[in-house]
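Architecture and fold: a report
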Amino acid sequence: NPVTSIAYSLAGRERVVIAVYDVTGALVRALVDEVQDPSRYVVTWDGRNNAGTAMPSGVYFIRYRAGSYSFTKKAGLLR
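Figured I'd write up the structure that's included with this text. Each chain carries its own residue numbering, running from 1 in the direction its sequence is written. pLDDT decides what is reported in this predicted model: residues at 70 or higher carry local features, side-chain atom pairs at 80 or more are listed and counted, and totals for whole chains, interfaces and linings draw on all residues regardless. Working from all heavy atoms in the structure, the side-chain values ignore hydrogens and water.

**What to know about the environment of T44**
Positionally, T44 belongs in strand β4 (residues 39-45). Relative accessibility under 20% of the residue-type maximum defines a buried residue, over 50% an exposed one, and the middle range a partly exposed one, all with a 1.4 Å probe and only protein chains included. Residue class for T44 comes out partly exposed when judged on its relative accessible area of 43%. With 12 residues separating them in the primary sequence, T44 and V32 have C-alpha atoms 10.0 Å apart. Numbering of helices and strands runs from the N terminus; a helix is a DSSP stretch of H or I covering at least four residues, while a strand is a stretch of E covering at least two.

**Considerations on the nonpolar core**
One recurring pattern in soluble globular proteins: nonpolar side chains tend to sit buried together. What we call a nonpolar core is a set of buried Ala, Val, Leu, Ile, Met, Phe, Trp, Tyr and Cys residues that are connected through their side-chain atoms within 4.5 Å. Formed by 18 residues in total, the largest nonpolar core has its most connected members in Y8, V16, I18, L31 and W45. The set of elements that each furnish at least two residues to this core consists of β1 (4-10), β2 (14-21), β3 (27-36), β4, β5 (58-66) and β6 (69-77). Here this core takes four residues from β5, the largest share from any one element. When checking whether two residues touch, look at their non-hydrogen atoms; a contact exists if any pair is within 4.5 Å. Once you skip the residues sitting within four places of it in the chain, Y8 turns out to touch V16, I18, V32, Q36, S39, R40, Y41, V43 and Y64.

Put into structure tokens, the structure is as follows:
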């Protein structure tokens, strides 16, 4: 089963939002949306959407936001 792990760390207490989007920009899955304390974290995406349906192979984008810091990474899903 394809699984992607995203590791990150926080230096201070921040609201963290990590979400997966498809190539059209539509939200596929919200992985994290909460205020977190300083620490190291790992979150995984199992290739499913918010309803639990397996997504098809393709290109997806994982967006990470913590406070004013933000970045987006491209991820390929192969089934």
